[in-house]
Amino acid sequence: MALLDRFLKNDYEKRYMDIAMPASVECIFMNVLAAADLIMVGSLGAVSIAAVSIFLQPRMVLLCFARSIASAVTLLTARKAGAKDVAGVSELMRQSLFLSFVFMGLLHIVFFFFLQKILWLMGAGPDYLPQALTYAKIAVISVFITSMTSVLQAVQLGFGETGAIMRTNVTGNILNIIVNALLIFGIGPFPKLGVAGAAIGTVVGTLFTLCATIYVMHVNKYFSQGGSFIPSRTYFKEFLPIFSSILSEQGFERIGMVLFARMAAGLGTIPFAVHSICMSICDYYWDFALGLGKASMVLAGQSCGAKNEKDWHAFRKVGIKWGLIFSAVSCLIIVLFREPIFMIYSRDPAALAMSGIIMFGVALVGFPEAQGLVCAGILRGSGKTAVVATYSFVSVTVIRPLLTAFFLYVMGWGLYGVWLALFLDQSIRAGCATVLVQRLKRKIRQHMEKLGELR
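Note that this is a predicted model, so its numbers are computed, not measured. (Residues numbered from 1 in each chain as written. Predicted model: local features only at pLDDT ≥ 70, side-chain atom pairs only at ≥ 80, totals over all residues. Heavy atoms only, no water.)

A. Examining the pattern of salt bridges more closely. Tallied over the entire structure, the rule returns four salt bridges. E238 is the partner of K80 in a salt bridge, and the nearest nitrogen-oxygen pair spans 3.5 Å. Residue K80 is located in helix α4 (residues 56-82), and its partner E238 is located in helix α10 (residues 233-265); the two are separated by 158 residues in the primary sequence. With relative accessibility at 14%, the residue K80 sits in the buried group. Linked through salt bridges whose partners overlap, the residues forming this network are R400, D425 and R429. (Salt bridge = Lys/Arg side-chain N within 4 Å of Asp/Glu carboxyl O. Helix = DSSP H or I, 4+ residues; strand = E, 2+ residues; numbered from the N terminus. Buried < 20%, exposed > 50% of the residue type's maximum accessible area, 1.4 Å probe, protein only.)

B. Geometry of the side chain of T168. By secondary structure assignment, the location of T168 is in helix α8 (residues 162-185). You can call T168 buried: its relative accessible area is 6%. Polar side-chain contacts of T168 include one of 3.2 Å to the backbone oxygen of A164. (Polar contact = N/O pair within 3.5 Å; in protein donor to acceptor, adjacent residues only side chain to side chain.)

C. Looking closely at the environment of L175. Structurally, L175 is set in helix α8. The exposure class of L175 is partly exposed, given its relative accessible area of 28%. In this structure, the C-alpha to C-alpha distance between L175 and M148, residues 27 residues apart in sequence, is 19 Å.

D. Representation of a positive patch on the surface. Among the surface-exposed residues, K384, R439, R442 and K443 lie close enough to one another that they form a single positively charged patch. Considering the arrangement of structural elements, one finds K443 in helix α17 (residues 414-451). (Patch = residues over 30% accessible without salt bridge, like charges linked within 9 Å, V, L, I, M, F, W, Y side chains within 5 Å. Areas by Shrake-Rupley, 256 points an atom, 1.4 Å probe, with all protein chains shown as cover. Lys, Arg positive; Asp, Glu negative; His and termini not counted. Charge placed at Lys NZ, Arg CZ, Asp CG, Glu CD.)

E. View of the packing of α4 against α10. Two elements in contact, α4 and α10, have axes separated by 8 Å at closest approach and are oriented at 150°. Here α4 lies roughly antiparallel to α10, going by the angle between them. The interaxial crossing formed by α4 with α10 has right-handed handedness. Of the residues that constitute the contact of α4 with α10, the class distribution is 17 nonpolar, four polar and five charged. (Axes fitted to C-alpha atoms, helices over the stretch in contact; angles between N-to-C directions. Parallel < 35°, antiparallel > 145°, perpendicular 65-115°, else oblique. Left-handed = near helix turned anticlockwise from the far one by under 90°. Nonpolar A, V, L, I, M, F, W, Y, C, P; charged D, E, K, R; others polar.)

F. A look at the environment of A389. Assignment of secondary structure puts A389 in helix α16 (residues 385-410). Leaving out residues up to four positions away in the same chain, A389 has contacts with S245, S248, E249 and F252. (Contact = heavy atoms within 4.5 Å.)

G. Fine view of the nonpolar core. Formed by 61 residues in total, the largest nonpolar core has its most connected members in I54, F55, L119 and W419. Apart from residues lying up to four places away in sequence, L119 is in contact with I54, F55, P58, A124, L129, A132, L133 and A136. Counting 34 residues, the second largest nonpolar core, distinct from the first, contains M17, L299, L373 and A376. (Core = buried A, V, L, I, M, F, W, Y, C linked by side-chain atoms within 4.5 Å.)

H. Representation of the packing of aromatic side chains within the structure. The full count for this structure, using the stated rule, is 14 aromatic pairs. Between F55 and Y135, the aromatic rings sit 6.0 Å apart at their centres with planes inclined by 75°, giving edge-to-face as the arrangement. Note that F55 is positioned in the loop between α3 (46-53) and α4 and Y135 in helix α7 (residues 129-158), a separation of 80 residues in sequence. Assessed through its relative accessible area of 2%, F55 is described here as buried. Note on F239 and F243: the rings are 5.3 Å apart at their centroids and 15° apart in plane angle, and the pair reads as stacked. With F239 and F243 both in helix α10 and four residues apart, the pair spans about one turn of that helix. Looking at F243, the relative accessible area reads 13%, which means it is buried. Members of the aromatic cluster, connected to one another through ring pairs, are Y235, F236, F239 and F243. (Phe/Tyr/Trp six-rings, centres within 6.5 Å; stacked < 30°, edge-to-face > 60°.)

I. Layout of helix α15 (residues 366-381). Compared with an ideal rise of 1.5 Å per residue, which puts 16 residues at 22 Å, α15 spans 22 Å between its outermost C-alpha atoms and is within 8% of the ideal. With 14 of 16 residues buried, α15 is to be regarded as a mostly interior element. Following α15 by one or two positions, G383 adopts a phi angle in the positive range, close to 85°. (Expected span 1.5 Å × (residues − 1).)

J. Seen up close, a nonpolar patch on the surface. A cluster of nonpolar side chains, namely F98, F101, V102, L106, I109, V110, F112, F113, F114, F229 and I230, defines an oily patch on the protein surface of about 1,100 Å² accessible area. Looking at the secondary structure, you find V102 in helix α5 (residues 86-113).

Shown next as structure tokens:
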């Protein structure tokens, strides 16, 4: 961050980076949790990689509900923070925690009892379904723990306290990696558990993160304001419209991603392993750019809560500018070091040969990813969650699966067609988000001119 400070031109950029950089690092380390599993399990062979990877989509389906709740909490917290309503934030946090515990608990229980059928629907092959089931039965516990943590950290994010979130998640992920190594490979007195060890390590890491988050928030007196845990009518009135829009967006994305992953899984064990590895690599920059999107959402929300149009415009420009800069850097790194990066995950000759062109796709897709995330964050923070859900539905749920099916089954382009469909989907979403932000910018400027408050 000290090196980056040299390139920051004003207080707006510094404020933006103070929120974005810890959020980006935190998002990356959350991905390290999955990547660490994949890298270590990769030494056990392609079958084990596929067994761990196939649980990704059921995991994301579960998390889409928790993340929708968390995103709504973040948006409401940011607005209340901008309006200096501390008591309102306390009520929001307590009632959201109660709602999440009951709803997410029931949802995870249902998933646990139907895991085998769910994995089969995801496309799990008979050669790795038993390992996948062993992993998933344990890992589903960690998903529930993560769900509860995400609601608490959503409140911290609404105040822009991404540094605290980063520290707890980084520590939890380091613990996860250590336990993974001990239990996957059976180091010292610990048993060699393979994919089951990876799942147990994930549970230990996420449980530590939850406890650390509660401790930090207790020290910072987040729980000192009091208030009821039972959701009130007022709570649902302000929470449900935002939650429903975000859940629609998350749900549409999961449906599209499930269909997308299902078709990729049908390519066979080696192509699916290559696809999973390249998606994991791609997710690193996605998660980094997600930090930029979070900063845009929080700062747009705080600006709207404070009714400060000048700040809104300034933070919009900063987010788009740095999204482009970071995308260019990421693209260059992946293009130059594509083979060594892939070999971190697998040295299988067949997989390595197939990865060449796909890694170029990983490099290029970062541009529309970052632009789409930053602009979507601005729209959400400005109260335009419904429009984000709308274009996400069209692009992810309809266009991406159709393009994937066309490139796979009509054109016969295999894994290359899968990644072309991914790139086109990201480009469409980025284009929609950019146009909508530009329209919102013009509306705000016209409103300011009409009131004679243009500054």
